[in-house]
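Survey of secondary and tertiary structure
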Amino acid sequence: MSATFKSMIPVCEGEPCIRNGSNGGPTVHFRQESRRRKSDFARKCIAVILLHAIFLFAILAALIIGHWISEENQKMNNRTMLEKKRNFTVSDVFPPPPDGGFGIAEQLHAIRSNKMSTDALLVPLPLYILPYHYDLQLDFSQFDTTLFIRGNISIHLESYGNSTEDEIQFHLGPNIKIERMRLRKDGKKFYAKTFKREESKKLGRISLRDPLQKGKYILEMAYNMTICDEDVDGVRCSLDNQNNSSLKSTSFTTKFEPTLARAFFPCWDEPGVKATFNITVKHHKKYTVLSNMPPIEQRKPIDWNEQWKTTVFQTTPPMSTYLLAFAIGEFVKLETRTERGIPVTVWTYPEDVMSMKFTLEYAPVIFDRLEDALEIPYPLPKIDLIAARNFHVGGMENWGLIVFEFASIAYTPPITDHVNETVDRMYNEFRIGKLIAHEAAHQWFGNLVTMRDWSELFLNEGFATFYVYEMMSSERPVTAQFEYYDSLAALVAAQSEEDHRLSLVRELATESQVESSFHPTNLYTKGCVLIRMLRDLVSDFDFKAAVRRYLRKNAYRSVSRDDLFASLPAYADHGAEQEKLFSVLEGWFVNEGLPEITLIRNYDNEMMTISQKKTVHHEYRSFLKDRKSVATVRYRGSRSAEDGSTLFDDTLFDGYIERKKDKRRKHRPARRKASTTPPISLISRRDELRKPRRVGASQDLWTIPITYMFGSLKTSEGQVIREFWLKNRTVSFGDAEISPNQAVLVNPEWKYSYRVNYDLLNWKLLARTLHQNHLEINDKSRMQLLLDAEYFLSNSVNPHLYLYLLGYLAHETKMEVMLFGIDAVYRFIDVFKATQLNKAILVYFEPVISQMDHLLNESQVDAETASLWLVKPERLAKLYQMRCAAGLPSCKNDYYTQKWSRAPDEWTEDVHKQVTAVCHQLFTNTPDEVKTVQDLLDNRLHSSGAKWALTVQLAACSHGQKLLRKTARAIVSTKNAAVYASALQSDFSLHYNPTFRKYLWNEISKMSNFEKTALFSTNSTNILPASRILLHSVKTIDELQQIRGLLTNWGPLLTLHFEYLERYLLWISSVSQGVLHQFFAADLSNF
Ligand SMILES: [Zn+2]
């Protein structure tokens, strides 16, 4: 399925904005357009994206999420970190992800989605008796009026071997009421002693008078249940709002993944247990009923009376229960076919037909493409896609009946001017296309071949995500590739934080653990990244053949990763040695986090040491070292003239003579292996379920394909690449070809997902290379260097080295790299914005920001590059802020402020530029100079909704004391911690407005002790996300002191957060007076 909230759908599933492929859909020919037209087109595209994707003011988002903290306090605090972990230290404090105001809504969203009202233990059912077929007769005739469903089920079971067991266990949701039950063997009644329900495990248990014998049994049950219950998620009803007297449903769709089939019918609800299904549904004749298979057309409906009819569906192939699906409603259909003639039907409501045009055109294209790529025909006789109402995930891949949330695939082209229409269409095609591709890929990965156990869910989601890229790459290679690296960056970041990293394959003990394992980064991206690693290790050719083998051999079966490896080549090449592919990947699957490589060179004797360990972010936050080392930072900072002036002095690199040798590139011999096509077996193997489950223990040792590179493109030797496997913690060796003044780069092209740290001198050499000729380093490596440098250097005792490295971006010409640069520079400015260095930092980055601006302009005439802004549109907002903060003319302060003042509610595509400019105008001028705007804001403080959200954010940029006080009062009166936090991290400014913050904290101080305690969740053992963001939005020691005064007792957890923040803020203050100050004092021309 796709992630729970649309905002959480990983970029991994993306589809570019602009498609011009041969998909039968509308085609755009850029080459034939005039230059002017292209320019308009791309610019509009960018603008529209921004409008759609981020023009939700953080405050508005916070309001929408709108939970008052005390309510939260009651709900989420069961899992207490303190109880689990007694020795809590400052290293256990995790600041919220450093993303300005942009991530707030998403962070809160993500946390909420993990909340489960109920939870149940997952107990594997015994294997001595298993179902192979279900006959399911359902009565939907009262679903709409009384929300009631009745069912008759016959489960055909096979008992293996003569057993001493005298019990049958199956899954049974507590909402299902069993009316009658009967067990038969060979047509004869088989007597049960007792029937018990075990609600905590959602099990039904039948004790028998006699032990089970080898052979076949039939378990028959009549049952009923009510649907549309808030607490049971498996059935999503669309309710009739017009009729207030009694609740009525007009349609419903089901979603059983992961463990909700048991809430719809008694069953063996484990993904590995596959069976065939015969389904019959009685319903009112005005409704259409859909299921995985098409109805049997030959058979006339049986009429109970005129009103009712019965739909009988074809027998399904062997499949998992979580993929079974039903939909009922007054749908209309739009029909098309794949190239092979498989009917593709989009079901929707009569009024929505027009909005399904693109989905109808694109779905068969994707299915054709997947069939071509996998060389396995889509196995069912039909493909239904339904645009459901009130569906809570973007899409669910039920076999043959894919359910989408209506809005996630709906799009009606506007009837406006031509250019807008095109832009709007492309944005929406991008959004819809990636979702369709993801769910379509699941029809093979997940539906045809299914993971045996939820712990290996990556076999579904990793492959589905991987194939979204494959499908996208044929149309928009640049965007598809960038999306991959952008999600890789998010993965590496998440897996470096101790409270975020999770192993890909891990034991899942409860329903809620399975539910929350559908994580955009830890599951979708990590799965995709490791599948890509597999491909890179065995070559594209071998990988494709292996995937075909894997699908054919395991069709209609359930698998573990062992079965995947059985289809892959046994060995992987990297350097001179071959390694067993399975052993290489195992650590990557079961270990938490990701590895970090450290390269230490000895510049005197040509020796190098490469070592690995699990990466832990806190190690590179120098302020978390003991007090002594914090003091050392301060001391070093104050006497660092020597460091600062010699650090980048080229004389440091003198004294070494470059030795040039032959380049030796490693060529991998081409291996061709013929793929065979075994017939797809319809036999479902039960024995495969008996294989032992293997989850594996997390360690912190990986088998890592190490590649390093040195040398220069400009020399005749070119660049030299060496490869080897790192299996141990550490390896030391000599490489006489590397001259001491050459930089060594590890993991060129950012091929594998590990971080790389270097000794300080090598970092300097890399930074120098970037400044002198950044093209010596591949663009993907430049992206990795930006991330790794931030990780290892920005909070170290050498933040100036990081600052120096970032300076090279003034020459960066590759848009993809610059997008990473925008994030990095934005964060750097944000960290130091309350220090006296703010101005110097902005001056230093001015050429960099100008270059960003330049690339933005360039991208507006090239559709392919323009589409890169789609991946994370908030980067555009960051750039707007940075150019205003740096005072660049492109900010157009006056122009946009006037425009906004004239029509503050006209939200055109310019609006983000306008409001950013207004904020900066307010901040950089005296209250008298901007009186008109201030008055306007003052008046608008009484408005509501989005207008109010925008007003308070803009007013917070002002210096007018009266307005600021009023604004602070208005914000605090919302009683919403998320709103307070977003107000402190305005969407439109990189400024630090101490007066506003003082007023805001003052207003908060007037709250009652009870409210303040709730606000900061001091009574709770788990700090709420909103409280955490609020506390960590503090920028100075003074501000921290003011907050500390709000309460007398902060509790043990918050006290640690205060200690963390104090160290952090002291560090900011000390480096800004020390090494960074020295950096700016030095002659910049030296660089
Ligand atoms: Zn999925």
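Residues numbered from 1 in each chain as written. Predicted model: local features only at pLDDT ≥ 70, side-chain atom pairs only at ≥ 80, totals over all residues. Heavy atoms only, no water.

1. A look at the packing of helix α21 (residues 815-831) against helix α22 (residues 838-859)
- The interhelical angle for the contact between α21 and α22, taken along N-to-C directions, is 155 degrees, at an axis separation of 11 Å. Here α21 lies roughly antiparallel to α22, going by the angle between them. The way α21 lies across α22 gives a crossing that is left-handed. Contacts between α21 and α22 involve M815, M818, G821, I822, V825, F828 and I829 from the former and N838, I841, L842, F845, V848, I849, Q851, M852, L855 and S859 from the latter.
- Its residues placed into classes, the contact of α21 with α22 shows 13 nonpolar, 4 polar and no charged. (Axes fitted to C-alpha atoms, helices over the stretch in contact; angles between N-to-C directions. Helix = DSSP H or I, 4+ residues; strand = E, 2+ residues; numbered from the N terminus. Parallel < 35°, antiparallel > 145°, perpendicular 65-115°, else oblique. Left-handed = near helix turned anticlockwise from the far one by under 90°. Contact = heavy atoms within 4.5 Å. Nonpolar A, V, L, I, M, F, W, Y, C, P; charged D, E, K, R; others polar.)

2. Quick word on the pattern of salt bridges
- Applying the stated criterion across every chain, the model contains 52 salt bridges.
- Between D938 and K962 there is a salt bridge, with its nearest N and O atoms 3.9 Å apart. Separated by 24 residues along the polypeptide, D938 in helix α27 (residues 931-940) and K962 in helix α29 (residues 961-972) bring together distant segments of the chain.
- Note that E1011 is salt-bridged to K975, the shortest N-O span being 2.4 Å. Of this pair, E1011 sits in helix α32 (residues 1009-1015) while K975 sits in the loop between α29 and α30 (977-984), and the two are 36 residues apart along the sequence. (Salt bridge = Lys/Arg side-chain N within 4 Å of Asp/Glu carboxyl O.)

3. Considering the nonpolar core
- By size, the foremost hydrophobic cluster in this structure holds 313 residues, and its most contacted members are F140, F265, W268, Y467 and F845.
- Other than its neighbours up to four places away in sequence, F265 contacts Y134, L136, I153, H171, I176, Y223, F256, F277, T321 and L324. (Core = buried A, V, L, I, M, F, W, Y, C linked by side-chain atoms within 4.5 Å. Buried < 20%, exposed > 50% of the residue type's maximum accessible area, 1.4 Å probe, protein only.)

4. Points about the environment of N1009
- Checked against the element boundaries, N1009 lands in helix α32.
- Separated by 37 residues in sequence, N1009 and L1046 place their C-alpha atoms 8.6 Å apart.

5. Focus on the UniProt feature "binding site: Zn(2+)" (unreviewed entry) in the chain
- Under the local residue numbering, the UniProt record ascribes the feature "binding site: Zn(2+)" (unreviewed entry) to H438, H442 and E461. Taken together, the annotated residues stretch across 24 residues yet fold into one region, lying no more than 8.7 Å apart by C-alpha.
- As for its position among the elements, H438 is in helix α8 (residues 418-442).
- Its relative accessible area of 0% is what places H438 among the buried residues.
- Along the chain, the position of H442 falls in helix α8. (UniProt positions renumbered as here; feature names shortened; annotations may be inferred.)

6. Things to note about the sheet that holds strand β17 (residues 343-348)
- Spatially, 5 strands are ordered β16-β17-β18-β20-β19 in an open sheet, and the strand pairing comes out mixed. Here the strands that pair on one side only, and so sit at the sheet edges, are β16 (332-337) and β19 (395-396). (Pairing = 2+ DSSP bridges.)

7. With respect to unusual backbone geometry
- E257 connects to P258 through a cis peptide bond whose omega is 0 degrees.
- Tracing the chain through its elements places P258 in the loop between β10 (248-254) and β11 (274-284).
- Unlike most non-glycine residues, S539 shows phi in positive territory, near 85 degrees.
- With respect to the helices, strands and loops of the structure, S539 is situated in the loop between α12 (520-538) and α13 (540-553).
- The phi torsion at N747 lies on the positive side, around 65 degrees, for a residue other than glycine.
- Examined against the element boundaries, N747 turns out to sit in the loop between β30 (745-746) and β31 (755-758).
- You can call N747 buried: its relative accessible area is 1%.

8. Re the packing of aromatic side chains
- Tallying each qualifying case throughout the model produces 56 aromatic pairs.
- Ring geometry for F143 against Y287: centres 5.1 Å apart, planes inclined by 65 degrees, an arrangement best described as edge-to-face. Of the two residues, F143 sits in the loop between β1 (129-139) and β2 (148-159) while Y287 sits in the loop between β11 and β12 (288-291), which places them 144 residues apart along the sequence.
- Of the residues examined, F143 reaches a relative accessible area of 0% and is grouped as buried. (Phe/Tyr/Trp six-rings, centres within 6.5 Å; stacked < 30°, edge-to-face > 60°.)

9. Observations regarding the sheet that holds strand β15 (residues 326-329)
- Spatially, 4 strands are ordered β9-β10-β15-β12 in an open sheet, and the strand pairing comes out antiparallel. The open sheet is flanked by β9 (235-240) and β12, the only strands paired with a single partner. When strand polarity is set aside, the average angle formed by the axes of neighbouring strands in this sheet is 20 degrees.
- Strand direction decides the pairing type here: β9 and β10, joined by 6 bridges, are antiparallel. Its bridge partner being in β10, V235 is matched across the sheet by T254.

10. Overview of helix α20 (residues 799-807)
- Within α20, 9 of the 9 residues are buried, which leaves the element mostly enclosed by the surrounding structure.
- Among all positions in α20, only P799, H800, L801, Y802, L803, Y804, L805, L806 and G807 are buried.
- Residues of α20 that are buried make contact with α18 (760-773), α19 (779-793), α21, α22, α35 (1051-1073) and α36 (1075-1081).

11. Describing α29
- Given a rise of 1.5 Å per residue, 12 residues ought to cover 16 Å, and the 16 Å separating the end C-alpha atoms of α29 matches this to within 8%.
- Turning to α29, its buried residues are L963, L964, T967, A968, A970, I971 and V972.
- Looking at the packing, one finds that the buried side of α29 touches α27, α28 (945-955), α30 and α31 (994-1005). (Expected span 1.5 Å × (residues − 1).)

12. Examining the pairing of β31
- With burial as the criterion, each face of β31 is covered, one bearing R755 and N757 and the other bearing V756 and Y758.
- In terms of strand pairing, strand β25 (residues 595-602) meets β31 through 4 bridges, oriented parallel. Counted as the bridge partner of I597 is V756 from β31.

13. So, the side chain of Q169
- Here Q169 lies in strand β3 (residues 167-171).
- By relative accessible area, which is 10% here, Q169 ends up buried.
- If we ignore the near neighbours within four places in the chain, the residues touching Q169 are L125, P126, L203, G204, R205 and W268.

14. Regarding the state of the cysteines
- One pass over the full model with this rule turns up 3 disulfides.
- Note on cysteine connectivity: C884 is disulfide-linked to C891, with sulfurs 2.0 Å apart. Taking the torsion about the S-S bond as the criterion, the C884 to C891 disulfide, at about 90 degrees, is right-handed. An identical accessibility class is assigned to C884 and C891; each is buried.
- Sulfur-sulfur distance for the disulfide between C919 and C957 comes to 2.1 Å. The sign of the S-S torsion, about -95 degrees, decides the handedness of the disulfide formed by C919 and C957: left-handed. Of this pair, C919 sits in helix α26 (residues 911-924) while C957 sits in the loop between α28 and α29, and the two are 38 residues apart along the sequence. (Disulfide = S-S within 2.5 Å.)

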